[in-house]
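Geometric and topological summary
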Amino acid sequence: MVVGFHVTGDERGRWAVLEVTGELDMVTSPMLRQRVHDVVAEGQHSLVLDLSDVLFCDSSGVSVLVAARRLMCSCQGRLRLILPAQGAVDGSHVNRVLGALGVRRLFDCHPDLDSATGDEPRPLSA
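Quick caveat: nothing in here was measured; it's all calculated off a predicted structure. The residue count restarts for each chain, going from 1 along the sequence in the order it is written. Where local features are concerned, this predicted model is filtered to residues with pLDDT of at least 70; where side-chain atom pairs are given and counted, the filter is 80 or more; whole-chain, interface and lining totals use all residues. Each side-chain value is derived from all of the structure's non-hydrogen atoms; neither hydrogens nor water enter the calculation.

Observations concerning the overall build of the chain
- Numbering of helices and strands runs from the N terminus, with a helix taken as a DSSP run of H or I at least four residues long and a strand as a DSSP run of E at least two residues long. A count of helical and extended segments in the chain gives four helices and five strands.
- Ordered by position in the sequence, the α and β elements of the chain form the string β-β-α-β-α-β-α-β-α.
- Partly exposed describes any residue whose relative accessible area lies between the buried limit of under 20% and the exposed limit of over 50%, with all areas from a 1.4 Å probe on protein chains only and scaled to the type maximum. Counting the 126 residues in the chain, one finds 45% classified as buried.
- Contacts between residues were defined by any pair of non-hydrogen atoms, one from each residue, lying within 4.5 Å. Across the chain, every contact between residues at least 6 apart in sequence was considered, and the portion connecting residues at least 24 apart equals 71%.
- Only the protein chains shown count as cover for residues, with accessible areas throughout obtained via the Shrake-Rupley method and a probe of 1.4 Å. When the accessible surface of the chain is split by element, carbon and sulfur atoms take 53% of a total near 6,900 Å².

Let's talk about the pairing of strand S2 (residues 15-24)
- Buried residues dominate S2, accounting for seven of its 10 residues.
- Two strands make a pair as long as DSSP finds a minimum of two bridges between them. Between the antiparallel neighbours strand S1 (residues 6-12) and S2 lie two residues, among them Gly 13 with a positive phi of about 65°.
- Taken together, S2, helix H1 (residues 29-41) and strand S3 (residues 46-57) form a β-α-β motif whose crossover is right-handed. Look down the strands so they point away from you; if the path from the first strand over the helix to the second goes clockwise, the crossover is right-handed.

Brief notes about the sheet that holds strand S4 (residues 78-82)
- Within the open sheet, the five strands sit side by side as S1-S2-S3-S4-S5. Their pairing is mixed. Edge positions in the open sheet fall to S1 and strand S5 (108-110), since each of these has one partner strand only. In this sheet, adjacent strand axes meet at a mean angle of 25° when their direction is disregarded.
- Sheet topology note: the S3/S4 ladder contains five bridges and is parallel. When the sheet's bridge partners are listed, Val 48 is paired in S4 with Arg 80.
- Simply put, an axis is a line fit to the C-alpha atoms, just over the touching stretch for a helix, and the angle between two N-to-C directions goes from 0 to 180 degrees. Against the sheet, helix H2 (residues 59-74) makes contact with S2, S3 and S4, and its axis sits at roughly 175° relative to S3, the strand it touches most.
- Where helix H3 (residues 93-101) meets the sheet, its contacts fall on S3 and S4, and the angle it forms with S3 comes to roughly 95°.

Let's talk about the nonpolar core
- For this analysis, a nonpolar core means a set of buried residues of the types Ala, Val, Leu, Ile, Met, Phe, Trp, Tyr and Cys, connected via side-chain atoms within 4.5 Å. Of all hydrophobic cores here, the largest spans 30 residues; its most connected members are Leu 32, Leu 47, Leu 49, Leu 51, Leu 81 and Leu 98.
- Put simply, the parts of the chain that give this core at least two residues each are S2, H1, S3, H2, S4 and H3.
- With residues near it in sequence (within four places) discarded, Leu 51 still touches Val 20, Leu 65, Leu 81, Ile 82, Leu 83 and Val 94.
- Trp 15, Val 17, Val 48 and Ala 116 belong to the second-largest nonpolar core, a separate cluster that totals five residues.

Brief notes about H2
- In this analysis, the expected span of each helix is defined as 1.5 Å times one less than the number of residues it contains. Helix length check: H2 (16 residues) gives 22 Å between terminal C-alpha atoms against 22 Å at 1.5 Å per residue, within 8%.
- For H2, the set of buried residues is Ser 60, Gly 61, Val 62, Val 64, Leu 65, Ala 67, Ala 68, Leu 71 and Met 72.
- Along its buried surface, H2 packs onto S2, H1, S3, S4 and H3.

Printed below as a string of structure tokens:
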């Protein structure tokens, strides 16, 4: 395992939750990809990725997030991301990267775990 990068799993109601910590890059993104596939292989189709403590995310990390979204859609599942406005030191790095690339709108983003694991309908956002 790469030092400083961790993916821990938990369950919250009907949701599998993967909490990601550290840098999501070319070296670490395959580990997250595998954990997402493991969750689906175990029969879970509601997944929350808590990216609050991700300090860095490069294009390979974004690619894993897009692939996770595609996988969850293919099995008629749900994927939600936790991207708080203030997280990972000065603000969610992943939030800024997804926004800069114009792909943040593809994801169902939430500010915290309670919001992400709730089943209240949310308005669509651009």
